[in-house]
Amino acid sequence: MKVVENKMGIITRKMADTRLMRRAVGQFGADSIEALTIRATLTKVLDDAQTLDGYLVQMGKGKKFLPRLIKAIHERDDALQTVLEYGRVRFDKKGMREVYSAMKKGEEFGPQMAAFEFRESLRDGWSPSQAILIHSPRIAEYSRAGDTSLVLAIADAIKKQRRSPQAFQRSSEAWLLRAWVTLTLWTCDGKRMEERITDAANVLSQSGVPFQHIPLGSDLDNMARRVRHTLRHGRR
């Protein structure tokens, strides 16, 4: 069980997740696009933080990424808006058009969402075989149900990535945005932001996980301002 302890006692991942989702449903409605965006985004960032802690444990160190994220999600009043803004930007891509189309028709959109996440794994720097391994539970789930759309979408993504690998590479600013909620970068500035990014990069590199270098100092400050603008106003 993943927990964080503060003056209010033990807070688990499930408790923090449930609290934020109750706020989302209360504010936007259970079937709203906002609540669905928050649901998908919250699961993703919590999983990412838990993965980082998993690498720390393998290195014989204590967990810190998930506890920090749980604390921010549970305690900060701006957590709901931050997760929503981040989710809107993350899903504001051509690759999500199939998901939105299925949603509008009232159809199952799970395979389309899984295909989107597979493409994101390629952008994270994973090889096609690694990405397939990461998403193998979903691939097996839809294959058993007789739905081949995910397999076809994965094959198409691999073909495109091999043909134009540069199209699947993130810029430094895109990597900063990628880490924004997982590392709770919205809660800090300057030196502390540098420390969290460097810390995560070291953990990933020591575990053999690809991670692009992010400039520090004034360059990081400038990128952070652009990321904040993107989150507030969306992509242009």
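Refer to the preceding data block for the structure.
Here's what I pulled together on the structure shown here. (Residues numbered from 1 in each chain as written. Predicted model: local features only at pLDDT ≥ 70, side-chain atom pairs only at ≥ 80, totals over all residues. Heavy atoms only, no water.)

A few words on the overall build of the protein chain. Scanning the protein chain from N- to C-terminus turns up 12 helices and 2 strands. Start at the N end of the protein chain and walk to the C end: the helices and strands fall as β-β-α-α-α-α-α-α-α-α-α-α-α-α. What you see for the protein chain is a C-alpha radius of gyration of 18 Å, in line with the 18 Å of a compact globule of 236 residues. Seen along its three principal axes, the alpha-carbon backbone of the protein chain occupies a region of about 50 × 40 × 40 Å. A separation of at least 24 residues holds for 66% of the contacts in the protein chain among residues at least 6 apart in sequence. Approximately 12,600 Å² of the protein chain is accessible, and the part contributed by carbon and sulfur atoms is 51%. A distance of 1 Å separates the average location of the 41 positive side-chain charges in the protein chain from that of its 28 negative side-chain charges. (Helix = DSSP H or I, 4+ residues; strand = E, 2+ residues; numbered from the N terminus. Rg over C-alpha atoms; globule rule 2.2 N^0.38 Å. Contact = heavy atoms within 4.5 Å. Areas by Shrake-Rupley, 256 points an atom, 1.4 Å probe, with all protein chains shown as cover. Lys, Arg positive; Asp, Glu negative; His and termini not counted. Charge placed at Lys NZ, Arg CZ, Asp CG, Glu CD.)

The tally for this structure, following the rule as stated, stands at 18 salt bridges. A salt bridge links aspartate 17 to arginine 39; the shortest N-O distance between them is 2.5 Å. Of this pair, aspartate 17 sits in helix 1 (residues 13-28) while arginine 39 sits in helix 2 (residues 33-58), and the two are 22 residues apart along the sequence. Judged by its relative accessible area of 29%, arginine 39 falls in the partly exposed class. Measuring nitrogen to oxygen at the nearest pair gives 2.8 Å for the salt bridge that ties aspartate 48 to arginine 178. With a gap of 130 residues between them, aspartate 48 in helix 2 and arginine 178 in helix 10 (residues 172-179) connect regions that are remote in the sequence. You can call arginine 178 buried: its relative accessible area is 14%. The network of salt bridges with shared partners includes Lys44, Asp48, Glu120, Arg123, Asp124, Arg170 and Arg178. (Salt bridge = Lys/Arg side-chain N within 4 Å of Asp/Glu carboxyl O. Buried < 20%, exposed > 50% of the residue type's maximum accessible area, 1.4 Å probe, protein only.)

Turning next to the environment of alanine 114. As for its position among the elements, alanine 114 is in helix 6 (residues 110-123). Sequence spacing of alanine 114 and tyrosine 142 is 28 residues, and the spatial spacing of their C-alpha atoms is 9.9 Å. Among all residues touching alanine 114, those that are not within four sequence positions of it are Arg138, Tyr142 and Leu150.

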